[in-house]
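Here is what each chain is made of, one letter per residue.
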Amino acid sequence: QVQLVESGGGLVQAGGSLRLSCAASGRTFSSLGIAWFRQAPGKERELVAAISWSGRGTNYADSVKGRSTISRDNAKNTVYLQMNNLEPEDTAVYYCAASSGSKWYSQSPDEYNYWGQGTQVTVSS
C-alpha cells in the first residue's frame, strides 16, 4: 500500500509560480513512477507531468511544457512539480498518482494504482 499526500497548492496571480510536493509513504517509493494530474470543474482528469522511478524519464502535457518541471528526491520519498508563469487555465485540483507498472508516463488515470487527496491551485487573472 502507498499513501500520497500533496501540498503546496494555493491562490496565485497569473504569471506567478508554485511548487507542489507529493510525499509518499508505504511501499518502496523508488520503485514507483509518479505523476501529477489535474482536474478542473466540469472537465476530465488530465496528466500534467510524470516521472519514472529513476527520475531519468519525464513526460509533460503540451499545455505545461516549458513552464513546469517535475523532479523527485527518492531519499525524501517526495516528488515535486515546479510550475512557473501560471495561467488562469491552470486552475484545478492537482493530484499526485503512483504507478507500479511499466507505463509510468501514461496519460490514462487507469494506469495509476494509488492517488492522493488533491491540492487546489487557483490562478487569478
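Before reading further, recall that the structure is shown in the block above.
Residues numbered from 1 in each chain as written. Predicted model: local features only at pLDDT ≥ 70, side-chain atom pairs only at ≥ 80, totals over all residues. Heavy atoms only, no water.

## Focus: the pattern of salt bridges
The condition that has to hold: A pairing counts as a salt bridge when a side-chain nitrogen of Lys or Arg comes within 4 Å of a carboxyl oxygen of Asp or Glu. Burial classes follow relative accessibility: with a 1.4 Å probe on protein chains only, a residue under 20% of its type's maximum area counts as buried, one over 50% as exposed, and anything between as partly exposed. Under the scheme used here, helices are H or I runs from DSSP no shorter than 4 residues and strands are E runs no shorter than 2 residues, and both carry numbers assigned from the N terminus.
For the structure on display, the rule yields 5 salt bridges. Ionic pairing is found between D62 and K65, a salt bridge with its closest N-O pair at 3.3 Å. Looking at D62, the relative accessible area reads 68%, which means it is exposed. The salt bridge involving D90 is made with R67; its shortest N-O contact spans 2.8 Å. Here D90, found in the loop between β8 (78–83) and β9 (92–99), pairs with R67, found in the loop between β6 (58–60) and β7 (68–73); they are 23 residues apart in sequence, far enough to count as distant. Like D90, the residue R67 is buried in the burial classification. In this structure, a network of salt bridges that share partners links the residues R38, E46, R67, E87 and D90.

## Brief notes about unusual backbone geometry
Backbone geometry places N77, a non-glycine residue, at a positive phi of 55°. On the secondary structure map, N77 appears in the loop between β7 and β8. A positive phi is found at N85, a non-glycine position, where the angle reads about 50°. By secondary structure assignment, the location of N85 is in the loop between β8 and β9. For N85, a relative accessible area of 45% gives the class partly exposed.

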